[in-house]
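# Descriptive analysis of the structure
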Amino acid sequence: MSLTRSSSMHPALNLGDSLPKPDQASSGSHLFVSLSEMILEHIFYHPDHASVQPSLPEAEVASINAILGDLSVDSHFVSTLTEQILTEVKPQHQSVRIDLGGADSYSFRTLLGGQLEPQEVNPALGLRGVSRYANEKFSKLFALECQVIKALQQQGCNVDIVVPFVRGLSDAAKIIDLLAEQGLPRGLNGLKVFYTIDVPSAALLSERLLHYFDGVVVNLENLAQFTLGVDRLSEDLEYLFDPQSEAVLQLIDQAVKAATNSSKPVVVTSNGLTHYARLQEYLVEHPQIEVIVTV
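What counts, and at which threshold
- Residues numbered from 1 in each chain as written.
- Predicted model: local features only at pLDDT ≥ 70, side-chain atom pairs only at ≥ 80, totals over all residues.
- Heavy atoms only, no water.
- 1 Å grid on protein atoms, 1.4 Å probe; cavity = no way out; pocket = protein on both sides within 12 Å on 5 of 7 lines; lining within 4 Å.
- Points joined across faces, edges and corners; volume = space filled by probe spheres on them.
- Helix = DSSP H or I, 4+ residues; strand = E, 2+ residues; numbered from the N terminus.
- Nonpolar A, V, L, I, M, F, W, Y, C, P; charged D, E, K, R; others polar.
- Axes fitted to C-alpha atoms, helices over the stretch in contact; angles between N-to-C directions.
- Parallel < 35°, antiparallel > 145°, perpendicular 65-115°, else oblique.
- Left-handed = near helix turned anticlockwise from the far one by under 90°.
- Contact = heavy atoms within 4.5 Å.
- Pairing = 2+ DSSP bridges.

### Observations regarding empty space enclosed by the protein
Applying the stated criterion across every chain yields a total of 1 cavity of 30 Å³ or more. Here the largest cavity defines a volume of roughly 40 Å³. Surrounding the largest cavity, Gly101, Phe108, Arg132, Tyr133, Phe138, Leu141, Phe142 and Glu145 form its lining. Every element with two or more residues in the lining of the largest cavity is listed here: α5 (130-133) and α6 (139-154). With 3 residues, α6 is the largest single contributor of residues to the lining of the largest cavity. Split into classes, the residues belonging to the lining of the largest cavity amount to 5 nonpolar, 1 polar and 2 charged.

Structure representation (structure tokens):
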């Protein structure tokens with residue numbers, strides 16, 4: 001069965017579940033959770049806001065205090081996210097795949113107290129992923145996200161960790177060490193760690209990166225943006241943004257082959273897959289790929 005551009009989703013796709021929920025309903029064997037989106041939707045404040053609180057407007061401080069109530073930042077952050085995730089875990093979910101915070105500084109600046117985020121010239125290419133977790137200024141948020149993972153484990157959830165914006169081999173080695181320091185060593189009690197392909201280098205190095213990780217996640221829109229050198233939010237460049245281009249498909253294919261050869265799972269995430277009929281056909285031809293539709 002083929003699709004036209006106006007079609008929605010191919011019925012043969014191996015669809016997984018995601019949180020926050022997209023419009024499309026599915027009943028996958030895994031739950032994919034974006035912590036960045038959950039923070040933006042349910043936390044509303046920056047966990048490190050105390051470092052800039054003296055310079056915050058009174059109204060903003062009052063809003064943060066109203067959200068926290070009698071709880072500390074740590075307790076509120078961990079309990080809120082843990083409860084939100086647990087409500088969506090279903091019996092068919094073999095694991096909950098927690099995608100660590102991968103939003104850029106521009107997105108995090110929209111949070112209450114988010115002024116502490118740097119004003120980067122190009123946030124999309126800025127302090128993201130492992131380079132952010134390793135930065136002392138943002139170590140608190142990384143530690144809190146790890147606490148969420150451990151809280152889920154304590155509730156009996158089988159959690160896989162997904163590391164966004166891995167740029168190369170040094171990032172791979174660093175994040176494995178950082179997770180171990182937080183009490184989340186890869187392999188302990190079966191803990192699996194995936195990495196996300198957001199940039200071409202992560203696809204080109206996929207065979208070697210998979211020595212450090214237990215699976216790979218392809219962030220389709222990010223990979224297309226950085227492969228084509230096109231700002232996907234620019235209306236003037238919209239006609240150039242094509243996640244189905246030969247360059248993008250070749251990178252995806254290289255990562256899929258590397259993961260298949262090492263018998264490790266592959267996930268593709270996208271918020272615009274309904275528009276990419278050609279890519280859907282590719283994914284249907286590779287049924288081992290789990291597809292996650294994001295918001």
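### Here's the deal with the packing of helix α11 (residues 246-261) against helix α12 (residues 277-285)
As a packed pair, α11 and α12 sit with axes 12 Å apart at the nearest point and diverge in direction by 15°. Judged by the inter-axis angle, α11 sits roughly parallel to α12. The chirality of how α11 crosses α12 is right-handed. Between α11 and α12, the contacting residues are Glu246, Leu249, Ile252, Asp253 and Val256 on the first element and Arg278, Leu279 and Tyr282 on the second.

### As for the sheet that holds strand β5 (residues 192-197)
Ordered in space as β1-β2-β3-β4-β5-β6-β7-β8, the 8 strands form an open sheet in which the pairing is parallel. What marks the edges here is a single partner per strand, and that holds for β1 (17-19) and β8 (289-293). Taken over all neighbouring pairs, the strand axes of this sheet differ in orientation by 25° on average, direction set aside. Two strands pair when backbone bridges link them, and strand β3 (residues 95-99) and strand β4 (residues 159-163) are joined in this way by 4 bridges, in the parallel orientation. Directly across from Asp99, in β4, lies its bridge partner Val162. Contacts from α6 reach β3 and β4 within the one sheet, and its direction differs from that of β4 by about 165°.

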